[in-house]
Amino acid sequence: MIAIIRQICFLLLVVSATVQVAADTLEDTAHSTPSVLRLKTPQEAHELAVRYTGFTSRLVDSLDNSGRQQAVARLELMPDDNTPFLSQQVIGREIWKVTFDSVVLDLPSWNKDWVRACSPKRFHVLLDPKTGQLIRVYTTYEGHDLVLSPEPQADVATETLRQTGEVFLEFASEPPPIPFLKALDMAIGSSPLKAKEIIGLCIFERRHGKDSRLVWSIIGRGIPPLSFHEVDSEDRLSRERTVVDATTGQPLFITNRP
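Residues numbered from 1 in each chain as written. Predicted model: local features only at pLDDT ≥ 70, side-chain atom pairs only at ≥ 80, totals over all residues. Heavy atoms only, no water.

1. Some details on unusual backbone geometry
In this structure, P120 follows S119 across a cis peptide bond, with omega equal to 0°. The backbone phi angle of S102 is positive, close to 55°, even though this residue is not glycine. Within the secondary structure, S102 is located in strand β3 (residues 94-103). Judged by its relative accessible area of 10%, S102 falls in the buried class. (Helix = DSSP H or I, 4+ residues; strand = E, 2+ residues; numbered from the N terminus. Buried < 20%, exposed > 50% of the residue type's maximum accessible area, 1.4 Å probe, protein only.)

2. Quick word on the packing of aromatic side chains
Considering all chains together, one arrives at 7 aromatic pairs under this definition. Centroid distance W110 to W114: 6.2 Å. Interplanar angle 35°. Geometry classified as tilted. W110 gets classed as buried once you look at its relative accessible area, which sits at 11%. A residue is classified by how much of its surface remains accessible, and W114, at 18% relative accessible area, is buried. Ring centres 5.9 Å apart and planes at 75° place the aromatic pair F123 and F180 in the edge-to-face group. (Phe/Tyr/Trp six-rings, centres within 6.5 Å; stacked < 30°, edge-to-face > 60°.)

3. What to know about the pairing of strand β10 (residues 251-255)
Strand direction decides the pairing type here: strand β9 (residues 238-245) and β10, joined by 4 bridges, are antiparallel. Directly across from R241, in β10, lies its bridge partner T255. Between the antiparallel neighbours β9 and β10 lie 5 residues, among them G249 with a positive phi of about 85°. (Pairing = 2+ DSSP bridges.)

4. Some thoughts on the side chain of D128
Looking at where D128 falls in the secondary structure, it is placed in the loop between β4 (121-127) and β5 (134-138). Polar contacts involving the side chain of D128 include one to the main-chain amide nitrogen of K130, which spans 2.8 Å. Those residues in contact with D128 that sit more than four places away from it in its chain are L39, R93, Q133 and I135. (Polar contact = N/O pair within 3.5 Å; in protein donor to acceptor, adjacent residues only side chain to side chain. Contact = heavy atoms within 4.5 Å.)

5. Here we look at the side chain of D81
With respect to the element layout, D81 can be found in the loop between β2 (70-77) and β3. At 2.8 Å, the side chain of D81 forms a polar contact with the side chain of T83. Excluding anything up to four places from it in sequence, D81 contacts S87, V90, I91, I135, R136 and A154.

Given below as structure tokens:
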């Protein structure tokens, strides 16, 4: 009996050692194998950005300020991000920044006089090289006559949205059926033509505990009064966010919350 017990104990020790060696091997492999990049070249980043946005600008090495629709792609570090719930996923990481120059927002539902008066715009598209996730699409106000208030910090925006029952779950990792350009056409509340800045997020979000859905969250910053005859002033500018279903193109709601 004692001999049998000794044999069982020996077998248990062998199995335990084998499992530990296998675990150590897997761990070493995980540390030694580099992560595979989904977007390795400017061309790949540009092609994916085009699919997300619907922009048609061609890729060049540098912008020549000729007024032609062009795009450049660069790898940059993400020093900061204000995306509610998701900012810590991207801060300090290397991302692709694809800049689309001289984009004319020829939106079918909008007045052509507004299109001519408010175009072109320069858009930047941020992409995660590893996952292909779209971090954001945005413009930056390049004028000098107005000072826009900064976007709320991520933790403040997160708490504000949580109180309203809205949660951002994750960035989209594949272009949705409705690209950014088509979503802009439906984002009436965000006034994409007249807004001084535009921010677009393609995310999975949940409201009030319901099933998650893929949406475009489009923010218009520095929206002036509707009439072109009124003078813009900082105290008359507004900020609105329109949420559009990224699968159907249906506008879902408009809010001035982050």
